[in-house]
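# Observations on the three-dimensional arrangement
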Amino acid sequence: MPGTLRRTGFTALALAPAILLAEAATTRTITGGATAAQTAIVLAAGTAILAERNALNAVLGADPIHIRDAGVTVAATGLGSVATYALSVHADLGPVLASAGVGLVAGLAAPSVAVAVYCGSFVGMASPALFPTSVGVATAGFAAGVGLVAADGVFDGVGGKLGTLAFAGCLAAAATMPASFPSGTTLPTSTLLVAAPVAAMAAVVAFHLHAKRGHSTVVASALVGVFAVMLRPALSLVTNAPLATVAFCASFVGMSAPRRLHSNRVVALAGALAAVVFLLTSPVFGGAGGKLGTTAFVACTAVVGVGEVQDRLLTD
């Protein structure tokens, strides 16, 4: 049973990014250069996913899943999704501040369930155009919670994992009810001139906060999200690009463990790459909870995949 669940968790983490990238490839009118970039990202990320699949047997025999702990995880994920949706939509805080705020409170006040609550908060970033009521959000949140239980030990330490499970939960919920994803906003390529540096910096700050300063990954990411929203008025004087959203997305890259992204330079690279993926996928799955995390996960797995290739070349 644990082995089957963990295979299911692996499948969710591999399939959700593939769906996002495939939809972007078929929807967006992109140049040859952008197509080449997306192809390179897919190949690099695919290398990391294959390596994780080959290592999957190591976690299949891990400690059995306890029903009580699993129930707490699923409940906390559902609670995080509904609370964030309420703050984002009904309290009009907006999705970034609502998610970051819920994550920060959970990380400081309830660290034992903070990861699950933060995962749920990404579901709660969903637009009311996708889920008009909290019923749909709760359904997606519980689905993400099940995915979080199933994916225990899979892709550990890879930034964006929680958001990818949230995105998978939203996909599952949307498939079981009359819900459809609205179109996103196609961003111009010039957005990268400001988005890539901001993303690189946000990723490094979040990474530094947990890897060097001792904060939990949840608190580190949430702090970046809160400060990004606080700086939004100043950033808007420079550009209309959604830099606060980009920074929050990159903060998930910064949640990566040092064994996955081993230096600030590599983290900055993955952060900048997240901005590229953000741009490529901007027209699709608008209002989807977990899309930002999935974007970060794609960037992280691509960088990890390049590292896998380099290690093989050095050992051959």
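This one's a predicted model, so the numbers in the text were calculated from it and none came from an experiment. (Residues numbered from 1 in each chain as written. Predicted model: local features only at pLDDT ≥ 70, side-chain atom pairs only at ≥ 80, totals over all residues. Heavy atoms only, no water.)

## Some details on the packing of helix 12 (residues 243–253) against helix 13 (residues 264–280)
Note the following rule: Only the stretch in contact is used when fitting a helix axis, every axis being a line fitted to C-alpha atoms; angles between N-to-C directions are given from 0 to 180 degrees. Here a strand is any run of E in DSSP of at least two residues, a helix any run of H or I of at least four, and the numbering for each starts at the N terminus. Orientation categories follow fixed angle ranges, with anything under 35 degrees roughly parallel, anything over 145 roughly antiparallel, 65 to 115 roughly perpendicular, and all other angles oblique. Crossing handedness: left-handed means the near helix sits turned counterclockwise from the far one by under a right angle, and right-handed means the same turn made clockwise. Contacts are assigned to residue pairs with any non-hydrogen atoms lying within 4.5 Å of each other.
Between helix 12 and helix 13, whose axes approach to 9 Å, the crossing angle comes to 135°. It follows from the interaxial angle that helix 12 and helix 13 lie oblique. Regarding helix 12 and helix 13, the two cross each other, and that crossing is right-handed. Contact residues: helix 12 offers Thr245, Val246, Cys249 and Val253, while helix 13 offers Val267, Ala270, Gly271, Ala274 and Phe278.

## Concerning helix 12
As a reminder of what qualifies: Relative accessibility under 20% of the residue-type maximum defines a buried residue, over 50% an exposed one, and the middle range a partly exposed one, all with a 1.4 Å probe and only protein chains included.
Of all 11 residues in helix 12, 10 are buried; the element is thus mostly enclosed. If you check which residues of helix 12 are buried, you get Leu243, Ala244, Val246, Ala247, Phe248, Cys249, Ala250, Ser251, Phe252 and Val253.

## Regarding the side chain of Lys161
Tracing the backbone through its elements, the reader meets Lys161 in helix 8 (residues 161–175). When near neighbours in sequence (up to four residues on either side) are disregarded, Lys161 contacts Leu13, Ala151, Gly153, Val154, Phe155, Asp156 and Phe297.

## A short note on the packing of aromatic side chains
Centre-to-centre distance and the angle between the planes together describe a pair of aromatic rings. To be explicit about the condition: Aromatic pairs are defined between Phe, Tyr and Trp rings, using the six-membered ring for Trp, whenever the two ring centres lie within 6.5 Å; interplanar angles under 30 degrees are classed as stacked, those over 60 as edge-to-face, and all others as tilted.
Counted according to the given criterion, the structure contains 8 aromatic pairs. Between Phe10 and Phe155, the ring centres sit 5.8 Å apart and the planes meet at 0°, which makes this aromatic pair stacked. Highlighted residues: Phe10 in helix 1 (residues 2–27) and Phe155 in the loop between helix 7 (134–150) and helix 8, separated in sequence by 145 residues. The residues Phe10 and Phe155 share a single accessibility class, namely buried.

## With respect to unusual backbone geometry
Phi at Asp92 takes a positive value of approximately 60°, unusual for a residue other than glycine. The phi angle at Phe285 is positive, at roughly 50°, despite the residue not being glycine. If you trace the backbone, Phe285 turns up in the loop between helix 13 and helix 14 (291–315).

## Quick look at the pattern of salt bridges
Stated formally: The salt bridge definition used is simple: a Lys or Arg side-chain nitrogen within 4 Å of an Asp or Glu carboxyl oxygen.
For the structure shown, the criterion picks out 4 salt bridges. As a salt-bridge pair, Arg6 and Asp152 come within 3.5 Å of each other at their nearest N and O atoms. Here Asp152 lies in the loop between helix 7 and helix 8 and Arg6 lies in helix 1, a separation of 146 residues in the sequence. Accessibility expressed as a relative area gives 1% for Arg6, which makes it buried. A salt bridge links Arg68 to Asp69, with the nearest nitrogen and oxygen atoms 3.9 Å apart. Look at Arg68 and you get exposed, because its relative accessible area is 65%.

## Brief notes about the nonpolar core
The test is simple: As used here, the term nonpolar core means buried Ala, Val, Leu, Ile, Met, Phe, Trp, Tyr and Cys residues forming a set that is joined through side-chain atoms within 4.5 Å.
Core analysis: the biggest nonpolar cluster contains 78 residues, and Tyr118, Phe248, Val253 and Leu261 have the highest contact counts within it. If near-sequence neighbours (up to four positions away) are discounted, Phe248 is found in contact with Val96, Ser99, Ala100, Tyr118, Phe122, Met125, Ser221, Gly225 and Leu292.

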